[in-house]
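Summary of the model geometry
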2 protein chains.
Amino acid sequence: MEDFEVIEGNVTSPKGFLASGVFAGIKKAKKDFAIIYSEKKAKAAAAFTTNKVKAAPVILDMEKIKSGEAQAIVVNSGNANACTGQKGYEDASSMAFMVAEKLNIDKDDVLVCSTGVIGVTLPMEKVAKGIELASQELSKDGGKDAAEAILTTDTFTKEVAVKLNIEGYEAYIGGIAKGSGMISPNMATMLSFITTDADISKKALDKALKETVKRSYNMISVDGDMSTNDTVIMLANGMAGNPTIEEDTHEYEIFYNALLYVNKHLAKQIAKDGEGATKFMEVSVVNAPTEDDAILASKSIVNSNLVKTAIFGEDANWGRIIAALGYSGANFSQDAVDIYLKSNKGIIKVCENGGYVPFNEDKAKEILSEKEISIVVDLNVGKYDALAWGCDLSYDYVKINGSYRT
Amino acid sequence: MEDFEVIEGNVTSPKGFLASGVFAGIKKAKKDFAIIYSEKKAKAAAAFTTNKVKAAPVILDMEKIKSGEAQAIVVNSGNANACTGQKGYEDASSMAFMVAEKLNIDKDDVLVCSTGVIGVTLPMEKVAKGIELASQELSKDGGKDAAEAILTTDTFTKEVAVKLNIEGYEAYIGGIAKGSGMISPNMATMLSFITTDADISKKALDKALKETVKRSYNMISVDGDMSTNDTVIMLANGMAGNPTIEEDTHEYEIFYNALLYVNKHLAKQIAKDGEGATKFMEVSVVNAPTEDDAILASKSIVNSNLVKTAIFGEDANWGRIIAALGYSGANFSQDAVDIYLKSNKGIIKVCENGGYVPFNEDKAKEILSEKEISIVVDLNVGKYDALAWGCDLSYDYVKINGSYRT
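Keep in mind it's a predicted model, so treat the numbers as computed, not measured.

Here's the deal with the pairing of strand E15 (residues 372–378) of chain A
Residues and elements named next belong to chain A. Of all seven residues in E15, six are buried; the element is thus mostly enclosed. Pairing of strand E12 (residues 338–343) with E15, which is carried by five bridges, proceeds in the antiparallel orientation. Counterpart to Lys-342 in the pairing with E15 is Ser-374.

Comments concerning the pattern of salt bridges
The tally for this structure, following the rule as stated, stands at 48 salt bridges over all chains. Note that Glu-132 of chain B and Lys-102 of chain B form a salt bridge whose closest N and O atoms lie 3.9 Å from each other. In this pair, Glu-132 of chain B sits in helix H3 (residues 124–136) while Lys-102 of chain B sits in helix H2 (residues 85–103), placing the two residues 30 residues apart along the sequence. Looking at Glu-132 of chain B, the relative accessible area reads 37%, which means it is partly exposed. Measuring nitrogen to oxygen at the nearest pair gives 2.8 Å for the salt bridge that ties Lys-349 of chain B to Glu-352 of chain B. Look at Lys-349 of chain B and you get partly exposed, because its relative accessible area is 25%. Ionic contacts of the salt-bridge type, sharing partners, join the residues Lys-203, Lys-207, Glu-247 and Asp-248 of chain A into one network.

Thoughts on the domain arrangement of chain A
Here the domain parsing of chain A yields domain 1 (4–272) and domain 2 (280–403). Between domain 1 of chain A and domain 2 of chain A, the C-alpha centre-to-centre distance is 31 Å.

A few points about the packing of helix H8 (residues 305–312) of chain B against helix H9 (residues 318–326) of chain B
All names here are of chain B. One can describe the packing of H8 onto H9 by two numbers: an axis separation of 9 Å at closest approach and a directional angle of 155°. With respect to H9, the axis of H8 lies roughly antiparallel. Relative to H9, H8 is oriented so that their crossing is left-handed. Mapping the contact onto sequence places Leu-306, Val-307, Thr-309 and Ala-310 in H8 and Arg-320, Ile-321 and Ala-324 in H9. Looking at side-chain class alone, the contact of H8 with H9 contains five nonpolar, one polar and one charged residues.

Quick word on the side chain of Asp-338 of chain B
Residues and elements named next belong to chain B. Residue position: Asp-338 is located in strand E12 (residues 338–343). We note that Asp-338 is buried and unpaired, the nearest opposite charge coming from Lys-349 at a distance of 4.1 Å. In terms of polar contacts, Asp-338 uses its side chain to reach the side chain of Asn-380, at 3.1 Å. Beyond its immediate sequence surroundings of up to four residues, Asp-338 is in contact with Lys-349, Cys-351, Glu-352, Asn-353, Val-376, Val-377, Asp-378 and Asn-380.

Here's the deal with the packing of helix H5 (residues 202–214) of chain B against helix H6 (residues 250–272) of chain B
Residues and elements named next belong to chain B. Orientation of H5 relative to H6, taken along the N-to-C sense of each, is 40°, at an axis distance of 9 Å. By the angle between their axes, H5 is oblique relative to H6. You can see that H5 and H6 cross each other, and the crossing is right-handed. Between H5 and H6, the contacting residues are Ala-204, Leu-205, Lys-207, Ala-208, Leu-209, Glu-211 and Thr-212 on the first element and Tyr-252, Phe-255, Tyr-256, Leu-259, Leu-260 and Asn-263 on the second.

Some points on unusual backbone geometry
The phi torsion of most residues other than glycine is negative, and most of the peptide bonds are trans. All names here are of chain A. Unlike most non-glycine residues, Asn-81 shows phi in positive territory, near 45°. With respect to the helices, strands and loops of the structure, Asn-81 is situated in the loop between strand E4 (69–79) and helix H2 (85–103). Owing to a relative accessible area of 0%, Asn-81 belongs among the buried residues under this scheme.

Thoughts on the environment of Lys-210 of chain B
Here Lys-210 of chain B lies in helix H5. Between the C-alpha atom of Lys-210 of chain B and that of Pro-57 of chain B, which follows or precedes it by 153 residues, the distance is 20 Å.

Concerning the environment of Ser-328 of chain A
Residues and elements named next belong to chain A. Here Ser-328 is to be found in the loop between helix H9 (318–326) and E12. Classification of Ser-328 as buried rests on a relative accessible area of 11%. Ser-328 sits 30 residues away from Ser-298 along the chain, and the two C-alpha atoms are 8.4 Å apart. Setting aside residues up to four positions removed in sequence, Ser-328 forms contacts with Leu-296, Ala-297 and Ser-300. Within the local environment of Ser-328, its side chain forms a polar contact with the backbone oxygen of Leu-325, the two atoms lying 2.6 Å apart.

What about the packing of aromatic side chains?
Taken as a whole and judged by the stated rule, the model has four aromatic pairs over all chains. Centroid distance Phe-4 of chain B to Tyr-261 of chain B: 5.6 Å. Interplanar angle 50°. Geometry classified as tilted. A residue pair is termed long-range when its members are at least 10 positions apart, and Phe-4 of chain B in strand E1 (residues 4–7) and Tyr-261 of chain B in helix H6 qualify at 257 residues. We note Lys-52 of chain A situated over the ring of Phe-332 of chain B; from NZ or CZ to the ring centre the distance is 5.4 Å. In this structure, Lys-158 of chain B is placed above the aromatic ring of Phe-156 of chain B, and the distance from its NZ or CZ to the ring centre is 4.6 Å.

Conventions used here
Residues numbered from 1 in each chain as written. Chains lettered and ligands numbered in written order. Predicted model: local features only at pLDDT ≥ 70, side-chain atom pairs only at ≥ 80, totals over all residues. Heavy atoms only, no water. Buried < 20%, exposed > 50% of the residue type's maximum accessible area, 1.4 Å probe, protein only. Helix = DSSP H or I, 4+ residues; strand = E, 2+ residues; numbered from the N terminus. Pairing = 2+ DSSP bridges. Salt bridge = Lys/Arg side-chain N within 4 Å of Asp/Glu carboxyl O. Domains from an automatic or database assignment. Axes fitted to C-alpha atoms, helices over the stretch in contact; angles between N-to-C directions. Parallel < 35°, antiparallel > 145°, perpendicular 65-115°, else oblique. Left-handed = near helix turned anticlockwise from the far one by under 90°. Contact = heavy atoms within 4.5 Å. Nonpolar A, V, L, I, M, F, W, Y, C, P; charged D, E, K, R; others polar. Lys, Arg positive; Asp, Glu negative; His and termini not counted. Polar contact = N/O pair within 3.5 Å; in protein donor to acceptor, adjacent residues only side chain to side chain. Phe/Tyr/Trp six-rings, centres within 6.5 Å; stacked < 30°, edge-to-face > 60°. Lys NZ or Arg CZ within 6 Å of the ring centre and 35° of its normal.

So this is what it looks like as structure tokens:
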């Protein structure tokens, strides 16, 4: 990480971005309304849920994003505005309109996100109040409040910022996210907002976002369920003043690597904060014949309920790992597979050439007693790798989802 | 069900089939060895796991089944003989050889199944003892013992038998199965053995088995994990003496319907006995544009951790149901979707036209308090239906898989 530096910060770290997070009464007591605003109209790129059932704000944003530009994002938590029909779509449009009025910008430049309970229409009086308050409170220090206001069952805020050097110009990328339940490979009930003051062409921005989403948010799993509201939005306002970054250049590489760091960091934070999680798990599939094989394999393992419960139970059950590899659809040769378990307490080989290898059970227990566990699967057939992240499946996951009535 | 009658019984109900179940010491205390034997060489059909990591007995049986004939099935529980390399394959071959010697039949006519822990080679002395005992104990009453001996974490035996009338001839179909964990759409850690004395052509037998497996075992989900050992084997010895059943005849229809009943019954028993299950859940998707859409949709819903935990929590959370429908890959129109919850306590509509409909929460609670819950999803666009079966996701699932060290 030579070309960028991790700093304290979030979406308001890049030049020209303000944010706010307020309480409008949609949730019972916690902040539930956020606005992220750029002083200058920004280039905008986004990725949305592939669920066929899309929430109203997702449908709205998919139209708005076509212009390639935006200036503000308004977000409410506590209500997903999903499965709410024509009324839901009108409510989402109203949200954009109200924000545009307050901030004196074009309504087409306001993107809208919602997260929370499905199937209930938005309480529009509270929404109006939230927009009024959030517009007033926009500030350079508001990123933390925004990070708080977008949470649902999350237990901590997800924030990150990095500083880049682009041809001598100082630029920043910052982000906030929320996750927790319905987190599956291919996004999640997750929202992620990334800002940058770097000047970058629309084409390069789209490409960088797409490629980094594939290697970050799409590689996490809490429970295998994919939500109706998943959204990643990125705004680039160009206020750093650097020469515009174009594709296939050294500067693009710097930008890409910094953005990948930001998105991976947020994705991992989401996996760590999975509903009921007691352990964080990284699945590293190495030496696959193609990147797609490595991705298929790592996602399948990280998504397996039996692997998740084995990690919860601190059980070196490599049979479940190789079974999940087997039904992943990835190309590999069973006889070549080696599996390792790794943590701060060391590393141990638990499967060799696709079968049993004697290992020290006590050492395995010690490694698995840690909070962060790495499963390394070496396919030994190619040179492509992938990383996926998730959490264990605990009693509390069942408790949260078995008794939690949103 | 006019053309067949459900009777008490199992694999030994059809004429000419004997079975046994004994304790050989692979498991700690319970029966762990079974043989099913036909006095006459039988036509044989089978379906196997699609997991790329296949256990040694699966690899062996896939070769043996090519002949289209078999006379005995030997099964051990407590050890899956999976991920055991060349040694595992040789051990499985030895099992077939030993059984053939004891029963004085051709080793090529002995199919082999194993279920249990992955990655440990078979204790061949115990295997030899099991085969000796099980061969001695073969009897017309041994079906129940065999049903017991094939279990792993199952809590009850799965047995079924039906009596058919084929052109005036009395014929029987009987079955036993085991399931419990690693149960996913597309088979499971599940073994199922079906016998019949009906005379049926090999082609018709293959077709009937394939079509009924698709609508039974492939429609159940406990945890979404697919095992290395899943096997369904069917033997037809023709001893009922009926004129050979051919495809596309009225007799084939009778046979098909009876076999579908048998396989559905066993599949549902497996779902009911899912690890940690407190409730049985049936997902009925109706009026889909194609059967494949109905299958995709019902499997996706029955496999969702969030739907499973909602059923555990007796929560009428239709948002999770429509979200799982949304990512299923099925074709449907959100605006046309109606969702109902049903049990012995009644039926209630919880979603109309893909959105909120007011419903009586107390009535919903009452319906969901039952042990058997039906989720009915009406896509309102076509005329195809599918049924899938599963169980809830409970604390005990986590307990069994988080602390159970096979």
